[in-house]
Amino acid sequence: MVERVYHNVQFYRDKMQRLGLTPEDIQSIDDLEKLPFTTKDDLRETYPFGLFAVPLDQIVRLHASSGTTGRATVVGYTRRDIQVWSEVVARSLASAGTTSRDMVQVAYGYGLFTGGLGLHYGAEKVGAAVIPISGGNTRRQIQLMRDFGTTVLACTPSYALYLAETLQDMGIHRDELKIRVGLFGAEPWTEGMRREIEERLGIKALDIYGLSEVIGPGVACECLERQGLHIQEDHFVAEVVDSTSLKVLPEGSSGELVFTTITKEGLPLIRYRTRDLTRLERSPCACGRTSARMMKCLARSDDMLIIRGVNVFPSQVESVLLEIAGVAPHYVLVVDREHNLDHLTLMVEVDEHVISDNVGQLESWTAKVHHALESTLGISITVKLVEPKTIERSEGKAKRVIDKRKLQA
Amino acid sequence: MIIQQLSVFLENRSGRLTEVTGALGDAGVNISALSIAETSDFGILRMVVSDVCKAQEELRARGFSLSVTEVICLSVPNQPGAVNRALRILSQANISIEYMYAFAVGSDAFVMIRTNDIEQSISVLMENRLTLVPASQLREC
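Model, not experiment: these values are computed from the prediction.

So, how was this worked out
- One numbering rule holds for all chains: residues counted from 1, following each sequence as written.
- By the order in which they are written, chains take letters starting at A while ligands take numbers starting at 1.
- Only residues with pLDDT of 70 or above have their local features reported here, since the model is predicted, and side-chain atom pairs are shown and tallied only from 80 upward, although totals for entire chains, interfaces and linings are computed over all residues.
- Secondary structure elements are defined from DSSP: runs of H or I of at least 4 residues count as helices, runs of E of at least 2 residues count as strands, and each element is numbered from the N terminus.
- The globule rule used here is 2.2 Å times the number of residues to the 0.38 power, and the radius of gyration it is set against is calculated over C-alpha atoms.
- Exposure classification rests on a simple neighbour count of other C-beta atoms within 10 Å of a residue's own: a residue reaching 20 or more is buried, one at 12 or fewer is exposed, and one in between is partly exposed. C-beta atoms are placed from the backbone.
- Contact between two residues is assigned when their C-beta atoms, built from the backbone, lie within 7 Å.
- Paired strands, as defined in this entry, are two strands with at least two bridges between them according to DSSP.
- When the strands point away from the viewer, a crossover counts as right-handed if the path from the first strand over the helix to the second runs clockwise.
- What marks off one domain from the next here is an automatic or database domain assignment.
- Each residue is assigned to one class: nonpolar for Ala, Val, Leu, Ile, Met, Phe, Trp, Tyr, Cys and Pro, charged for Asp, Glu, Lys and Arg, and polar for all the others, Gly among them.

## A word on the overall build of chain B
Along chain B, the regular secondary structure elements total 5 helices and 7 strands. Helices and strands appear in chain B in the N-to-C order β-α-β-β-α-β-α-β-β-α-β-α. For a compact globule of 141 residues, the expected C-alpha radius of gyration is about 14 Å, and chain B comes in at 16 Å, within 12% of that figure. Projected onto its principal axes, the C-alpha positions of chain B cover 45 × 35 × 30 Å. Here chain B holds 141 residues, and 25% of them are scored as buried. Long-range pairs, those at least 24 residues apart, make up 68% of the contacts in chain B with a sequence separation of at least 6.

So, in structure tokens, the structure goes:
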């Protein structure tokens, strides 16, 4: 794999040459430490296809995550990559007890986001019946869940709670549903949320982990024991490093999770920094699986927010404001969970560049920012104007995010 | 004839208006006209004050966002049809009104008007012998 990227991807070759490394220096998994890291910025800088290791005619699928205007992170899959992805998702579903007799409702968004199609292909591979309903349309979701007899649900944990609430509003008792287990991911969630989902839907709620850069959902998934997420180690090598010194940490310590892909062809990644903080557990699991397990991720080593499964960086918001106002006014993003759905509010201080004597102008300015953010990030953000100096100033680095969701386990 | 009107951005929070009026009162700045345009989240307080410079200084120091806008003040008899006559003159001159606020007491009525073309508004109103209140008169306390 190292040899392949060295010869096929200039970016890796340059990076390795700068460190005086050749593929021959990497003989075993212990040599991994010698290799340089790859980051999301590297993917952005080589936008769109710079890190692909195969010619485009071998790519059969593209996915992308939102980015600053025009700079999304693009991932490409060969036919074999799609097979590997289906395989790891199928294993995830199997560890949740899914078989060909199940009916899997995929309520993740379908499209450029990897959630929908990832679960879809995996569930088909298991041989289950797939309901590709995608996200939204909540009442219809519940109606089909009841009428079809869905047994497995896949969506974001916040959407699962929203479904539970709507169920109650519709006056449908959970006993009318056959749903047994849910695979929830694409955003951090707590043990408290797990208990709530399990109680309200009468199911077992499992955490499925993945990121599009590495492959998508299915990189790791909990089994029914719910004692950490089993990493698909035959495809992805996991390391935990100190996010400041970047040194590999001793087994069992908490730090930033780093992945190296073993089998990926389209977009192989060497030591990709996920920015997710977790620790690894190598003792065998009660389910019998011997693969390493990662603990549930609840924190990150950067300021990225995950809102309803969508990645949001404060810097993206800043560049939108910069474009519209000419200068970046003081702002803060407030994340809150209303009715179990994450909600993002942008508070912008009205300074001399923004103020107008005309209410209509201020309102249309607000609307402009709202639309620009929606098209850049793909999610709707409430924009609120506030008086100058009302946003807290901190020493040094400005505090750009107030997270009120309280994601403590 | 042009009057400098001060506009202040205010969040809809209790006590904000008092902070403005209090600051101006303490600084000895008189408010001769005032109006608020509000939305569900914020409001714009518009004022004509005795000393625009001093008011700006005081309010900026307290962290308020301000802008100065030019308006005119029309004085008409407190009679039916008087304001209508003035508005018709403006509309015939193709001038549009962004906003206005007014009050009448005794035999006089005063209308503060913001238009898209202040200079042109002054000349057509004066040509038609309407009375505009000079800024100096509003500055006196």
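Having put the structure on the table, let's press on.
## Digging into the pairing of strand β6 (residues 181–185) of chain A
Residues and elements named next belong to chain A. Among the 5 residues in β6, 5 count as buried, and that is most of the element. By the alternation rule, side chains of β6 split into Val181, Leu183 and Gly185 and Gly182 and Phe184, which are all buried. Note: strand β5 (residues 152–155) against β6, 4 bridges, orientation parallel. Within β6, the position partnered with Cys155 by the bridge is Phe184. As judged from the 5 bridges shared by β6 and strand β7 (residues 204–211), these two strands associate in the parallel manner. Note that in β7 the partner of Gly185 across the bridge is Ile208. With respect to chirality, the unit in which β6 leads through helix α8 (residues 191–201) into the neighbouring parallel β7 is right-handed.

## Points about the pairing of strand β12 (residues 272–278) of chain A
Residue and element names in this part refer to chain A. Most of β12 is tucked away: 5 of the 7 residues are buried. Sheet topology places strand β11 (residues 255–261) next to β12; 4 bridges connect them, and they run antiparallel. Bridging across to β12, Phe259 finds its partner in Tyr272. Strand direction decides the pairing type here: β12 and strand β15 (residues 299–300), joined by 2 bridges, are antiparallel. Within β15, the residue paired with Asp276 across the bridge is Arg300.

## As for the domain arrangement of chain B
All names here are of chain B. Each assigned domain of chain B is listed here: domain 1 (3–69) and domain 2 (71–133). Relative to domain 2, the C-alpha centre of domain 1 lies at a distance of 24 Å. Listed per partner, the contact involves 7 residues of domain 1 and 7 residues of domain 2. Take the side of domain 1 that touches domain 2: its biggest share by element is 3 residues, from strand β2 (residues 31–38). Its residues placed into classes, the side of domain 1 that touches domain 2 shows 4 nonpolar, 3 polar and no charged.

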